[in-house]
Structures are given as structure tokens and as C-alpha cells.
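One-letter residues, chain by chain:
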Amino acid sequence: MRVSEEKTAVACRNIVKEYTVGGEGVRVLDGITLKVCRGEFVSIMGESGSGKSTLLYILGGLDRPTEGNVSINGTDLSGLSDETMSRMRRQKIGFVFQFYNLIPNLNAEENIMLPLLLDGKRAQDYSGRLAQMLELVGLTQRRKHTPRELSGGQQQRVAIARALMSRPEILFADEPTGNLDSRTGAEIMSLLEEINRERGQTIIMVTHSPEAAKSSSRIITVRDGKLKE
Amino acid sequence: MKIIVKYMLTNVKERRTRTAVMLLSVILSSALLFVSCSISASYESAQRKMARGIYGNAAAVVRPAEEGECADSTLIPDLPTVGATAGILKGSSLYHEDGYYESVDLVAADLNQLDNINKPRLADGGELSDLSPGQIVLPDRFASKYRIQRGDTVTLRVNGNPEHFTVAEIAAYDTLFLRQTRGATALLSLPDLARILGKTTGYSEILVKPAEGVTREALIADLKEALPEDICEVSEAADEAQIEAGARQKSMPFFLISFFAMTMSVFIIYSSYKVITLERLPVIGTFRSIGATRRTVTGILLLESLLYGGIGGLLGIPAGILVLRLILRGMGSSLSGGIEIPAVCPPLGIFLSLSAAVTVSLLSAWIPASRAGRLPVKEVVLGKTEEKTRPVRLTVGIGTALFLVSAALPRLVSGTMGYAAGVFSLLGLIAAAILVISLFADLCAMGLERLYGLLFGNEGRLAARNIRGNKSIAQNITLLFISISAVIAIQVVGDFVTAYITDVFRDAELEGFADGSMDREFVQKVEQMEGIRSVVPVYVYNNEITADQTPLSRAEATDNLEVYSSMFGLAYTEKGMETEAAAAFREKRAVILSEEWLKQRNLSLGDTLTLSNGGASYPYTVAGSFKSRATDVEAILPASCAVSDFGKERYGLLAYTARDPDGIMVQIRDLFGETPNWSRTTEEFNQDALSTVEAFLQPMHSMTYFILLLAAAGVINNLLIHYIQNRRTAAMYRSVGQSRRQYTKMTLIEGFSAGLLGAAAAVAVSYMEIQTIFLVAGPKIAMQPRLEASVFLTAGAMGIAVNMAGCLVPLIKNKKMKIVEEITFE
């Protein structure tokens, strides 16, 4: 697919990521260049340890590359301060993790509202949007439950609602079905597919499941730190 | 075994901050325990040194049986139990300079004899070899006070006659120059003092040192047997039992503080071990899966705690010595006489501190370690273990019931049982608070959510939200509450004791008193002294009179009840009672009684008591009752009746007011001459009381800072635990857009709130504890404690500050946190 610069949601150039393990440098990502357009649903696949999750976190600004740069909506992430990067995470980026990562002492609706609360928004001004989100993920009846009181699938739905609450430009998902049984996993994938299709939400997802990857519009593979499309 | 030790040492090395906090808590508590043990021994040694003073290493004193007589040194037989003897001649004199009078006790002895028992030490370190007639040795304190130097001439008045001496040497304030009362002691040559006193043979007393290997008791028994009772009496040089009891009393508060410190240490180490075992569950699972027994797992964890206990205990002792020296330096200056207190480190104290450190560490680690050992292998390997939670309702129910019982009990029970109720109440209030603290924190957090939302925005609201159901924060609040309430209780009780003891004459008019045998002529001389305003002579009956066959420990008789009442600050039970009592005193045999005595015997005004001194009995009408902090008298009688009924020729007490109370006091002491007396101006009395009570309380106050230090260690430990347990949550927050600034703001708000709640709980509980203390002690105390809001607020503020300072640890740790590492794996 040919994409113009204006339509680029996220782009990275010559990304290198090295770790030092036991005194020796290990190159996990080796010069990756990638562009993802708005509205795309991209799956990143690869074997364990191939660096696919590392790439996702670098694209989402949770990790920094050793070399190369990443831009979201044309904004280069490399020079951003912690404050600006945090604001970007609250407003432009949504994350869904394999282990849900919900705040254990907050209930479902508090977890969903969290990015907006951290952004200084008044909760009551967004009650309508919250209701929509809860309806979208099918948890209207469970809004007051804490993560401990929810099943794995329900927790992941809360995580998806949280990621979408601030209407981000891009939704990053790291193995969103990795910790779920196949039926629940399929439900989550169909939810993500629906969100991409109905709302034009850009999604970049890491998965090792070919079944899950089928929902996406493009599949890229990371092998030995390099990209194979 | 080698591999286990290596594993354990790696753990200790890798978790540096936690290792440091655990060691610090063990070091502090063992140091405090060591100080508690040593302060007792040091104080005892100082007291012994001070009590001995003139007696040196003499164990017994032989005095003439008749007052004013002299003991002949030849009386002491050549017994094998006697090591050495020294005859001491004693007199008194008055030093006067620039309108200021000072009592100087004169002492003389054969220097060779004195050297064997109590060798004087010169200020310049030299030795006193000889003392000729006309020469005097003065202590450095006295000499520096009046700028007297060697070679100067000083004039002392002995029985009103001036005696001139040349200062031969300046002695160190030590040995025979040490004293427990005001004034100074001067050493003269034996012929000089004998001449001045007109006692050419014999001594005032003979000091006897036991032979090597002979006990004090054996020497005294031998002397008593050998010496005729009608000629001389033998007594202990210093009351060893009293010294020991005094030292024990002084060290008691330190043991109480150590108890607090130990409780806090247990709390710190226990919560640390809970996290340590939680963190190590995967490793424990691996150990168990490859065949390690429960005992091995428990053993590994306990071995580590043994290491903390051992090292902490060993480091605690030098730390304790340092603390001890600091405390003793302050304590020495406030002891009467201002002598230096030597730091004594008893081996028992070292052993006790070390073994307590090890035991506390082992016991605190025991529960979590043995729990980890008992976990099913499968659950540990799969990481499915969950902490069991107790039902909240039950916990809160028990806590509330305990709180109510603890608050009510001291109000319901009195008498001997009151003390038991008081102890139960004090412990119960703390235990109840610990049980309900989680609920208290949750409820407060709900209120704070709204408030912080308005004050600090969403970060404030979320910070308050994070307090709810947060065990680490509840633990922090508990730790702060224990330490702050200890600080408040020590402060309030200490301030009260100081005020109570040093302000007994607040409502009394008298400015000085003389306790001794005085005749009418003596009183007249006092009345004629320049600047005297008012004098009240009092007849004293100590255990001489019974009222309805109940002995009165002290009864006094006066000619003028009105003046007596204002002089001793009698607070009559009812208005107008004073006038009625004064009228009754003039008309008939009347008696006024202390309120306590009246209540104990269920007496009322107008009742008739039969007073007797063992001979004749007389009916006295109860004409009033009173309370007074200035006197412990139980009954006051009209002097005219008492003297004729029970006979008394000489006064036993005199109180006065004057333009210059000090000047009058010096003259009264001069009038007494060698007659035993206890005469003080109220200012002197208050100052002596203050120095005694401060010597007692000042180290206690210093110890409160150590409690706060220990609380700081515990708070840091808890915040560290909180951080470790919530590292993942912190990363989750960061992943959804929380900035470092927001994390800092939220952490500080959480820290402030925990401090605030800890302080609020401490203020409430310590207020209840103080009420309990004074309810139990109340009947014996004629003064209400003043509860200064500033004491509570300062202690609370200190607690908040400690908690806020502790927040630096998670803030620093969070800076290094890598979000991806924390959130990728469960």
C-alpha cells in the first residue's frame, strides 16, 4: 500500500536496539524501517525473542531505541521530554498488554477513565463517553468491579476500553490474546477488528498467533532483528 | 550448604537498600536496649560515687552514740576484717562575699589515713602531701565561682567568729569534696579544725575500709560486735540498696522505650520478611521442586535473618556506646553537684542487646519463613499462592470492642485493680488502634478523595484513592502512630512531672522554710532579721498522734491558721470553710484534715475525733478539710490545745516570707550551727527538684528522637516494600501516560496523607492513653495535666515530616524504573 506522509500514523527509520547481557552486547533490532498508515491494522509476528515486542514498545514510546528514530503523526519521539512523552501517551497512544495491566485497586470504570484523569479532565464531563466504551466492550453491568472480580477476558476488555477512552491516534496491542483461552481470544480479536473497521482506529498488534493475525490488514514479521514483510 | 550461604549472601548484597534498612532497625533497637542497660549501671556508678563522696572506699562509719561527742580512733579494735581507718573531724562555716552567703562544710583528717580511704585529687593533677595550720584546700567549683586562687586569703565565719586561711591548694570536685547539697566542702589541717571546734581529742566519725576480700556486711557485723553500743554506733558508709533502687528507677523509662523500639523492630523485620518471602516464592518453588524440605526452606530464610540480627546486634553496641556518652554528657550537667557520670558498659548489657537483636530478627522472620516453607509445592511453582485475608468485620469488631473496653475500664475500676486496668487499657488502646487502622485509613481516604480533588486535582484524587485497601500504607500509618504516640506520651507525662515536682509551692506564699528543732528564741531571732516579712513557726508531730486509734503520719499545730493557710497554700474543700475553721481554732479543740484522710475514713464536718498521743485522749471537732501541694500534713491543730494536750516544747518547722529569702536562709542555717536541719528557700527547693527531675527526664526526651529515627527506618522500609509491591502498578500508571512529575506529586500526597492519618491516630490514642495514665494515678495527684496542643501538633508534624522524607526512597527508585521490564511479565 502506498501511503502519503500526511496519512502516516507512525514511522520509524533504522531502528537499532541493543542490550548488554553478561557484559556482551546483543542486538535485538537491527536497522528496522517501517511506516504504518492511519486506519491500518498491522500485525507484527515473529518467533519468541525475535524482538517483535521490543519493536512495538519502541514504536509506542515506552522504550527508546539505541539508534534510529520514531515519529508519531510526524512528531519525532527521540527529543521529547518525559512530560511531553507522557502527555502523548495519554492523548495519542493507547496500549493493550498481554497481562491486561489494570490498576488493581481501581474498579473497571476508574481504570477506563485513568488516562483522562491523568490528563486533568473532569470525570463527570466524560460520563457519556465512558458509557459508550463500557457498552462497546460489553461491561456496562460490571463497571464497579475491581480487576480481581473480573475474568481474564473481561479484564482485557477493560484494558481495551481504557486504551480507547482518550480516542488515541494509534492503539498498540502486545499479545492481547496471549493469556486467554481460544474462545475468549477470538472474542477479543473480533472486538479489535470491529474497532478498526467501524472507527478507523489504527492498530499495531504483536502476536504469535496466525489466527489472531488474520484479523489484521497487514502482517509483518520480525526475524533476527530484521523486518520481513 | 556452601551454595545456600552463597545464595543468601547474594540476596543480601543485591538488595542493598533493604539490607541497610533492616540492619538499621536492628542496630537502633539493640543500641537502645544497650543504652537502657548501661545507663542504669552508669547512673548507679555515678550515684555510688556521689553518695560515697566523703566516704571514699570506706564500707562502714563509726560515730559517737551521743550527739556532739567525739569518737576516739583507738576504739577501733585490731580486727582482721578492718583494712584501714581514717578519723574525720567535721564542722561548718559561712562564707560571705558581696552580700552573698554560702555554707562551707569544714573537714579535717590525718592526710596519711585519708589517702588510704579517700585520697583528695588536686585540680592540677598534683598530690596533696601536707597541710599546715592556717592553710585550706578549696574545691575548684567554689574557687572559680569566687575567683579564689592559690595563695589567696579567705575568711570563714565559724560560730560567728572570723577565721582566716591561706588557700594552699585547689582540689578537683571529687572524692571528699563531692556533695549532694548546695555549698562547698573545704579541707583544713587537723589541729586547726580541732582548735576552732574546741575538740582536741577524737573525731566526728571514723571511716573504716574493709580488708581485702572482706565484704561490707562482714566488716559491719564485726565492728558492731566489737564496739559497745552505748559509746558508738556503726553504720553503712553509703546506702547501697537505696543507690541500686534509685538507679533501677532511673533506668525504668529506658526499658519502656526499648520495649517500644523492640516492638517497632519486630514490625519492621516482620513486614520485610513477608515481602522477601513473597519475592522469593519462585526460587522457593524451584528449591522445593528439586527436593528441598520445608525445614531447608525455612532454614535458608532464617539463616539470613540470623545474619541481620548478628551484624545488627554487633554494630548496635558501639552505636549504643556513642549514644550513651551523648546522653550521659547531658545528664551529668543536670545531676545535683554536676558530677561527670562515667559510661559503664556491663557485660550483661552487651550480651542482652546482642541476644535480643538475634532473637528479635529470628522471631520476626519465623512466621513468614515457616509459612513459605509450608506452601504446597505445586502452587509455589505455578505462582498461584495468594495471601489469606482475615474477614474485615471480625477484625474491626474485635478492635472496636477492645477500644471501648480499654477506654471504659480505668473509669470503672479503682484501687489496686486500677493499676491492672490501666496497664490493660494502655496496651488495649494500642492493639485496638492497630486492628482498626485499615478501616480508619479507608474511611479517611474516602473523605480525602473529595478534598484532594479540589486541592490537587485528579492526581490528588487518585493518590487518596490509592490509600484505600493499601496494606503497606496501613502498615506505615501503624508504625507512625506507635512512634508518634510514644513521643507524645513521653513528652506530656515528662512535662507534667516537671511541672508537678518543680512547682509545688505555686499556690503557697512561703519563700523559705526551715525543718529542724527550734525554740522560741530561735524564732524571735528570725523574726528580727532584716527584711523578714512574715514568720510561721509550727509544732510538728510525726507519727506521734492517733485519731480514733488511726495514726496520723504527720500532724502540725499553729497559732495562726489564717497565715498558716496562705503560707502553705491550703485549698479548703468549700468556700467559707477557712473562716469557720479559724474561728473554731480560737474557740475549742478543733482539727482540720486533709481531704484524702477525711474521705478514707468517711468523716464529715462536725464529727468528733478522739486524738491521743498514747497517754491522755482528747475530743477534737472536725472543722474543715483541705488539699495542698506544698505540705503532706494530714491534720492541723490549734497550737494552744496541741501543746497542752500532747506536749511539745520546740517547733519543728518554720516558714517565712522575706525581701531577700536567700539572705534569710543563710542566716537561719548559721543559727542552726551544727544542729541537723533541712532548710531551703522555695527557689532552692524548686531548683533542686528540677535538677533531679531533669536528670531523670532529659535522657528520656533524647530517646524520643531515637524512636523517631527508628520510625523513619521503618517508614523507609515500608515505602520500599510498598514500592516493590507496587512497582508494576507504578509502571501501569506510567504506561497510560502518568509523567514523573505526576508520580512525584502523587507519591508525596500519599506520603503526606499517611503521615497525617498516622499523626491523627496517634493524637487520638495518646490523648486516651494520657487520660488513662492520669485516671489511674489521679487520686494521688492534686493537679490536672496541661495538654498543650503544640505538643500534639509538633509530634504529628514530625511524623508527617518523617513520612514525607521517607518518600524520597520510592521517588529515587522510580527514576531508574524501566516501564517495559515491569509490565511485560506477570
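Residues numbered from 1 in each chain as written. Chains lettered and ligands numbered in written order. Predicted model: local features only at pLDDT ≥ 70, side-chain atom pairs only at ≥ 80, totals over all residues. Heavy atoms only, no water.

Under an unreviewed UniProt entry, the name given to chain B is ABC-type transport system, involved in lipoprotein release, permease component, and the organism recorded is Lactonifactor longoviformis DSM 17459. One UniProt comment on chain B, placed under Sequence similarities (unreviewed entry), says "Belongs to the ABC-4 integral membrane protein family. LolC/E subfamily." Note on chain B: under the UniProt heading Subcellular location (unreviewed entry), the record states "Cell membrane". (UniProt positions renumbered as here; feature names shortened; annotations may be inferred.)

Chain A is annotated in an unreviewed UniProt entry as Putative ABC transport system ATP-binding protein from Lactonifactor longoviformis DSM 17459. For chain A, the Sequence similarities (unreviewed entry) comment in UniProt is given as "Belongs to the ABC transporter superfamily."

Points about the overall build of chain B
A tally of regular secondary structure across chain B gives 25 helices and 19 strands. For chain B, the proportion of its 826 residues judged to be buried stands at 53%. Taking the intrachain contacts of chain B between residues at least 6 apart in sequence as the baseline, contacts between residues at least 24 apart amount to 81%. Of the roughly 37700 Å² of accessible surface on chain B, a fraction of 56% belongs to carbon and sulfur atoms. (Helix = DSSP H or I, 4+ residues; strand = E, 2+ residues; numbered from the N terminus. Buried < 20%, exposed > 50% of the residue type's maximum accessible area, 1.4 Å probe, protein only. Contact = heavy atoms within 4.5 Å. Areas by Shrake-Rupley, 256 points an atom, 1.4 Å probe, with all protein chains shown as cover.)

Observations regarding a nonpolar patch on the surface
Side chains of B:Val392, B:Leu439, B:Leu443 and B:Met446 sit close together on the surface and give an oily, nonpolar patch of about 360 Å² of accessible area. Mapped onto the fold, B:Leu443 is located in helix H13 (residues 416–467). (Patch = residues over 30% accessible without salt bridge, like charges linked within 9 Å, V, L, I, M, F, W, Y side chains within 5 Å. Salt bridge = Lys/Arg side-chain N within 4 Å of Asp/Glu carboxyl O.)

Looking at the nonpolar core
The tendency in soluble globular proteins is for nonpolar side chains to be buried as a group. With 133 residues, the main nonpolar core has A:Ile44, A:Leu59, A:Ile160, A:Leu192, A:Ile204 and B:Phe481 as its most contacted residues. Broken down by element, the residue count for this core peaks at 13 residues, all from helix H14 (residues 471–502) of chain B. Lining this core are residues from two domains, each supplying at least three of them: domain 1 (1–52 + 248–388) and domain 3 (416–506 + 682–825) of chain B. If we skip the residues at most four places from it in the chain, A:Ile204 touches A:Val10, A:Val36, A:Val42, A:Ile44, A:Leu56, A:Leu59, A:Ile170, A:Leu171, A:Phe172 and A:Ala173. Counting residues in hydrophobic clusters, the runner-up holds 38 residues, among them B:Phe522, B:Leu593, B:Trp597 and B:Leu603. (Core = buried A, V, L, I, M, F, W, Y, C linked by side-chain atoms within 4.5 Å. Domains from an automatic or database assignment.)

Things to note about the confidence of the model for chain B
Low-pLDDT stretches of the model should not have their predicted coordinates read in fine detail. Mean pLDDT for chain B: 82, with 88% of residues reaching 70 or above. If you check the scores for this complex, the pTM reads 0.67 and the ipTM reads 0.87. (pLDDT = per-residue confidence, 0-100.)

Some words on the sheet that holds strand E9 (residues 218–223) of chain A
All names here are of chain A. The mixed open sheet is built from 6 strands, whose spatial order is E6-E7-E8-E3-E9-E10. With one partner strand each, in any of the chains shown, strand E6 (93–96) and strand E10 (226–228) form the two edges of the open sheet. Within this sheet the neighbouring strands show an average axis-to-axis angle of 20°, counted without direction. Bridge count between strand E3 (residues 41–45) and E9: 4 bridges; the pairing is parallel. By the bridge assignment for E9, Val 42 is matched with Arg 218. (Pairing = 2+ DSSP bridges. Axes fitted to C-alpha atoms, helices over the stretch in contact; angles between N-to-C directions.)

Considerations on helix H10 (residues 347–374) of chain B
Between its first and last C-alpha atoms H10(B) spans 39 Å; for 28 residues at 1.5 Å apiece the expected length is 40 Å, and the two agree. By the largest-angle criterion, B:Trp366 marks the main kink of H10(B), which is about 40°, and a proline, B:Pro368, follows within four residues. (Expected span 1.5 Å × (residues − 1). Bend = angle between axes of the 7 residues up to and from the residue.)

Digging into the packing of aromatic side chains
A complete count under the given rule lists 17 aromatic pairs over all chains for this structure. Ring centres 4.7 Å apart and planes at 40° place the aromatic pair B:Tyr564 and B:Phe568 in the tilted group. Owing to a relative accessible area of 0%, B:Tyr564 belongs among the buried residues under this scheme. Chaining the aromatic ring pairs together yields one cluster made of A:Tyr57, A:Phe95, A:Phe97 and A:Phe172. The side chain of B:Arg601 reaches across the aromatic face of B:Trp597, ending 4.1 Å from its centre. Lying across the ring of B:Tyr541, B:Lys648 places its NZ or CZ 5.1 Å from the centre. (Phe/Tyr/Trp six-rings, centres within 6.5 Å; stacked < 30°, edge-to-face > 60°. Lys NZ or Arg CZ within 6 Å of the ring centre and 35° of its normal.)

Some remarks on unusual backbone geometry
Generally, phi is negative for residues other than glycine and the peptide bonds are trans, each holding for most cases. All names here are of chain A. Here Tyr 100, not a glycine, exhibits a phi torsion of approximately 65°, which is positive. Inspection of the secondary structure puts Tyr 100 in the loop between E6 and helix H3 (108–118). We note that Arg 167 has phi near 50°; this positive angle belongs to a residue other than glycine. Structurally, the position occupied by Arg 167 is in the loop between helix H5 (152–165) and strand E7 (170–174).

Topic: the interface of chain B and chain A
Contacts between the two partners involve 24 residues from chain B, matched on the other side by 27 residues from chain A. Carbon and sulfur atoms supply 55% of the area that chain B and chain A bury against each other, a total of about 2400 Å² over both sides. The largest share of the area that chain B buries against chain A comes from B:Asn458, B:Arg465 and B:Val736, three residues that together contribute 23% of it. Linking chain B to chain A there are 3 salt bridges. Taking the shortest distance from any N to any O, the salt bridge between A:Glu83 and B:Arg741 comes out at 3.3 Å. Of all the secondary structure elements, the ones that give two or more residues to the side of chain B that touches chain A are H13, helix H21 (682–735), helix H22 (740–777) and helix H25 (819–824) of chain B. (Buried area = accessible area lost by both parts, 1.4 Å probe.)

A look at empty space enclosed by the protein
Applying the stated rule across the entire model yields 4 cavities of 30 Å³ or more. The volume enclosed by the largest cavity comes to roughly 80 Å³. Lining the largest cavity are A:Arg89, A:Arg90, A:Ile93, A:Gly94, A:Phe95, A:Pro115, A:Arg162, A:Ala163, A:Ser166, B:Ser735 and B:Val736. Those elements giving two or more residues to the lining of the largest cavity turn out to be helix H2 (82–91), E6 and H5 of chain A. Among the elements that make up the lining of the largest cavity, the one with the highest residue count is E6(A) (3 residues). (1 Å grid on protein atoms, 1.4 Å probe; cavity = no way out; pocket = protein on both sides within 12 Å on 5 of 7 lines; lining within 4 Å. Points joined across faces, edges and corners; volume = space filled by probe spheres on them.)

A closer look at the sheet that holds strand E4 (residues 67–72) of chain A
Residue and element names in this part refer to chain A. Spatially, E2-E1-E4-E5 is the arrangement adopted by the 4 strands of the open sheet, whose pairing is antiparallel. Of all the strands in the sheet, the pair left with one neighbour each is strand E2 (24–37) and strand E5 (75–76). Across 11 bridges, strand E1 (residues 8–21) lies against E2 in antiparallel orientation. Bridge pairing in E2 links Val 10 to Val 36.

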